[in-house]
Each structure stands twice: as structure tokens, then as C-alpha cells.
Amino acid sequence: MHSTPTAFKAQAKAALADPVIRQNFRGAMDFLRGKRQGVFPEQAEFKALQACAETIKQQALDDLPQLLELLEQNCTRNGIQVHWAESAQEANEIIDGLIDQHDGTQVVKGKSMATEEIELNDYLGARGKDCIETDMGEYIVQLAGEHPSHIIMPAIHKNAEEIGQLFHEKVAGVDYTTDVDTLINIGRTQLRERFMAADIGITGVNFAVAETGTLCLVENEGNGRMVSTVPSVHIAVSGIEKVIASLQDTPPLLSLLTRSATGQIITTYFNMISGPRGYGEAERDGPKEVHLVLIDNGRTQAYADEQFRKTLSCIRCGACMNHCPVYTRIGGHAYGTVYPGPIGQIISPHLLGLEQTNDLPTASSLCGACEEVCPVNIPIPNLLQRLRRQSNLGREASTGIRGAGSARSGLEALVWKSWRWACCRPWAYGVVTRVVALARPLLGLVKTPWNKGRATPRPAPKTLNQLLKHRATGSNRTGGAHGNH
Ligand code: SF4
């Protein structure tokens, strides 16, 4: 069963009650946090790099329209064909069309959150096209018929026993094992055959450099390099916010990305794709065609709002998730969105609208850990609070976010309206507060999710009005006594 953001509360409850999920995430998150801490021993160094990266991304967002035009010009000059997609549907149609155009039958894909976002595998599958994931984590979740639970470690919710069982059941001739090296070798053997037979390769993009028309791809397994070089056609899929101005912006972003994501000083592979193979070059020198599909899919809505624009700075490192007390306990599937955790809580409302996602911003203690570790300094807690407000606005308020006001019920609106009416009339206010004061003892009988885990506040023996009256009477008496002396 696929999870959905509308069923977030039930899914979170189920995840909390599952000891295997709790244990898998606890172990993995502790490990990742420790690794990150090890590569950022000096807080001052992190802060300096963070400020630098924030400026680079902010500048890129300020100049986004011009940089996207420049990227298109320079990619085209390099021989990369650029396509624009306003929605997920349009992006899928473009990619599907490119596969048909080349009579593609064997499609391999590198790790890409953008293609998860547009649900490319489902789209191609529905058209009879088999697209195999080649990142080991993605391969595991695809084999299991699941979705990634983390943006960097897609199969982090599974332990070695579960993966061993999965391979035993789904891969022909494989015995059950929990030995990690053996499991990796099984995956490697399966995938290598698919790489060699593939005619279309699909990848994501980490940074798209406007000044040179270069597509940068960060990875550890070498599958990204295989996917972007072995098949004769390479299709790179990217959100429009991945554009940066120049090559010299890359090193600080790369350094922060790898350290924040996996605690590595540098990843094993950093691919810089500058176009298809040149005339007369051998087949092994790269694909004969490279395409770049640039996706909007709700990003311009976030871009239009100065505060929400910051969400587009995200470099998808996953550090906010690894440090979030909610994510680390419920895992990624409970959110029911492609991007889980704090970053998902602020991006998903723009991609899907607040009608479907208005519970997500409430799943935060606002402790600020996500903002503290974010390499580009996105003010996640502030944005969560803003989204909470947007969800509860009166429906008449126009804010530009799809579904604003969707969390506000008719009953709640009526209560606030009545409250306002009473507050504007002292006599009515007096009546209401007196009735409420009389009803206070009943508070303990009402069971709500709030007081389920909290002690019900005991009403004070006297109301504020009574206390004030009492004090006034007392001081009058005292005043009288002083006067007698
Ligand atoms: S919001 Fe920040 S910490 Fe979270 S994934 Fe994006 S860049 Fe990383």
C-alpha cells in the first residue's frame, strides 16, 4: 500500500508502533550524524562555508530567469538538447517521447529525486517500458515495490536481514544471506548486465552550471557514470532551481553536500557532463545524444514568494532529515511524499498544494536542529510556522499557495467569529467568561489528543476577576486602617 500525505497522522502512528522501523532508523541516523560531526570538527569552518553556499544559492535564485536562459544557450552550444517542462505530466511525456524517438527498449536510471517527483517509473511502466534503477538503494526499493524513504539513502529503512530475504525471493538463484559484501555483489552482477544492454540512460543533476553549460552529477557507486556514458542516449532531468552561475561556485557546494549528506570529504565520482561525444570519437567516449529536461512543477509558485523562495536553495543533502527528532522516529514513508522530513515538509506543499499536505508542517517540534545543520541555511522552522498559518487562513485570503486555508474547518471559523463578536461587547464577554468559568471542572472529563499525554490543568480556585475584586476590597480595608493611625 502506498502512503499518502493526507493519511500522515495514521501513517506516523503506525510507524511509531513498528519496532523494526524504529530500530533501523535510529541506528542509521545515529551513524550518519556521527559521520557528519566527524567531518565538521570546527563549527567556525562550517559557518563560513555555509555563509558562502547561502550567498551562491541566493545569488543564483535572484538571477534565476537570466541564468536559465544562459544555461540553455551554453548547453545548446555544447550539443545538449534542452527541454522545458511545466508539470510532471509534461516532463514524463517529453522523456517518453525521447525514448520512442530512439526506439529505446532498455532504460537504465541513476539516482534522481526529480524523476521520483514526477513518478517517471510508473509513467513508463504504464506504457510497457521497463526502467531499472541502478543505484543500489534505489534498486532495492524498486525490487521491493516501494519508494525511497530518504533522499540520499533510499533503502535506509531496511536492514541486512530484510534485504537478504528480498534478494532471495526476487533474484533467481540467490541464497539467503545477510553478508553485506555478498549482497552488494549480487546487485552489482545483476546491474552490470543491464548497463551493457541499455540504449537509454536517465540521471538527475546536482548542479547545472550556466556559464559553461555543464551538468554536474555527484555519486558514490559509479552507476551515474555508467548510465550517462554507456547508453547511446543520455537524458538528464533537473528541477529549474539546480542552476548556478559559474564553475567556481561548485567546490564549496560540493564540499558541503558530501560532508552534510554522508560525512565524506569528497564522493567517489564527480561527473561533469559537457555534451555528447564529439565527431569521430569512439562509442566508449560517451553517448551520441544528451538531453536536459528542466522541470518547474510548482517551483515558480515557491519562487514568487520571497520567503518561500529560500526552499529552492536546497542541495538535497538530507542532513535536516538525519537530525530531525520526528523523521528519525517515524522514517520517510510515513510522510507519504517523495521528499520526506523537514525539507519535504516545506517543499511538498508547493508541489502538491496544501489541501493534501496541511498536516505535514505540524509534524515538527520547531527545535531548530534542521536549520542549524542545513548547509545553505534555509530557515526551515520559520517556513513551517508560515505554512501552518497559511493552512489555517480564512479561505478568502489569497496567498498564492494552492490550498491555503484548507486546514480551517467551518466550526473553527464559526468559533473565532463568535469569539471576536463577544470580545467587542463587554457585557457578552462577561457572560461568556462566567459560563466558561463555571464549566471549568468539566475540563478533566474531556479527552482530546492534547491532554491524552499531558496532565489536565487544574482550574485555579478563584478567577482573575474574583482575585482582583478581593484585592481591591482588601486594599480598601488596609487603606482605612492606615488612615486611622
Ligand atoms: S533543507 Fe538544507 S539540510 Fe535539508 S536537504 Fe536541503 S540543503 Fe540539506
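Please refer to the structure placed before this passage.
Here's a quick rundown of the structure. (Residues numbered from 1 in each chain as written. Predicted model: local features only at pLDDT ≥ 70, side-chain atom pairs only at ≥ 80, totals over all residues.)

**Some thoughts on the overall build of the protein**
Right, so step 1: Broken down by element type, the protein carries 23 helices and 10 strands.
Right, so step 2: If one aligns the C-alpha atoms of the protein with their principal axes, the spans along those axes are about 115 × 55 × 45 Å.
Right, so step 3: Considering only residue pairs separated by 6 or more positions, the protein has 73% of its internal contacts joining residues 24 or more positions apart. (Helix = DSSP H or I, 4+ residues; strand = E, 2+ residues; numbered from the N terminus. Contact = placed C-beta atoms within 7 Å.)

**Some thoughts on the nonpolar core**
Soluble globular proteins: nonpolar side chains tend toward being buried together.
Right, so step 1: Within the largest apolar cluster, 103 residues are counted, with the highest numbers of intra-cluster contacts made by V293, I295 and C320.
Right, so step 2: If you count residues domain by domain, this core takes at least three from each of domain 1 (1-39 + 318-408) and domain 2 (55-301).
Right, so step 3: Sequence-distant contacts of I295, that is, excluding residues within four places in its chain, are made with A85, A91, A114, I118, V237, S238, G239 and I240. (Core = buried A, V, L, I, M, F, W, Y, C linked by C-beta atoms within 7 Å. Buried ≥ 20, exposed ≤ 12 C-beta atoms within 10 Å, placed from the backbone. Domains from an automatic or database assignment.)

**Section: the environment of D135**
Right, so step 1: Counting through the fold element by element, D135 comes out in the loop between β3 (131-133) and α8 (136-143).
Right, so step 2: Residue D135 is classed as buried on the basis of its 26 C-beta neighbours within 10 Å.
Right, so step 3: The spatial distance from the C-alpha of D135 to the C-alpha of K111 is 5.6 Å, given a sequence separation of 24 residues.
Right, so step 4: Each residue touching D135, except ones within four places of it in the same chain, is listed here: G110, K111, E221 and N223.

**A look at the sheet that holds strand β8 (residues 243-244)**
Right, so step 1: A sheet is described by the order of its strands in space; here four strands give the open sequence β8-β5-β6-β9, paired in mixed fashion. Edge positions in the sheet fall to β8 and β9 (269-273), since each of these pairs with one other strand and no more.
Right, so step 2: Relative to β9, strand β6 (residues 214-219) is paired through five bridges, and the arrangement is antiparallel. Looking at β9, one finds that L215 is bridged to I273.
Right, so step 3: Packed on one face of the sheet, helix α12 (residues 250-262) meets β5 (207-209), β6 and β9 and runs near 20° to β6. (Pairing = 2+ DSSP bridges. Axes fitted to C-alpha atoms, helices over the stretch in contact; angles between N-to-C directions.)

**Details of helix α1 (residues 8-16)**
Right, so step 1: For α1, the full list of buried residues reads F8, Q11, A12 and A15. The buried residues of α1 occupy an angular sector of 100° when the element is viewed end-on, so they sit on one face.
Right, so step 2: Elements in contact with the buried residues of α1: α2 (19-39) and α15 (327-330). (Arc of directions from axis to C-beta.)

**Digging into the sheet that holds strand β7 (residues 233-239)**
Right, so step 1: Strand order in the open sheet made by the six strands is β1-β10-β7-β4-β2-β3, with parallel pairing throughout. Strands at the two margins of the open sheet, each flanked by one partner only, are β1 (80-85) and β3. Averaged over all pairs of adjacent strands, the angle between their axes in this sheet comes to 20°, without regard to strand direction.
Right, so step 2: Bridge count for β1 against strand β10 (residues 289-295) is six bridges, and the pairing is parallel. When the sheet's bridge partners are listed, W84 is paired in β10 with L294.
Right, so step 3: Helix α5 (residues 88-101) contacts β1, β2 (107-109), β4 (200-203), β7 and β10 of the sheet and is inclined by roughly 170° relative to β10.

**Let's talk about the pairing of β10**
Right, so step 1: Among the seven residues of β10, seven are classified as buried, and the element is accordingly described as predominantly covered.
Right, so step 2: The alternating pattern of β10 places E289, H291, V293 and I295 and V290, L292 and L294 on opposite faces, both of which are buried.
Right, so step 3: Relative to β10, β7 runs parallel, the two being bridged by seven bridges. Within β10, the position partnered with G239 by the bridge is I295.

**Concerning the packing of helix α3 (residues 43-62) against α12**
Right, so step 1: Taken N-terminus to C-terminus, the directions of α3 and α12 make an angle of 120°; their axes are 9 Å apart at the nearest point. Between α3 and α12, the interaxial angle falls into the category oblique. Handedness of the α3/α12 crossing: left-handed. On the side of α3, the interface is formed by L49, C52, A53 and I56, while α12 contributes P252, L253, S255 and L256.
Right, so step 2: Of the residues belonging to the contact of α3 with α12, the class tally is seven nonpolar, one polar and no charged. (Parallel < 35°, antiparallel > 145°, perpendicular 65-115°, else oblique. Left-handed = near helix turned anticlockwise from the far one by under 90°. Nonpolar A, V, L, I, M, F, W, Y, C, P; charged D, E, K, R; others polar.)

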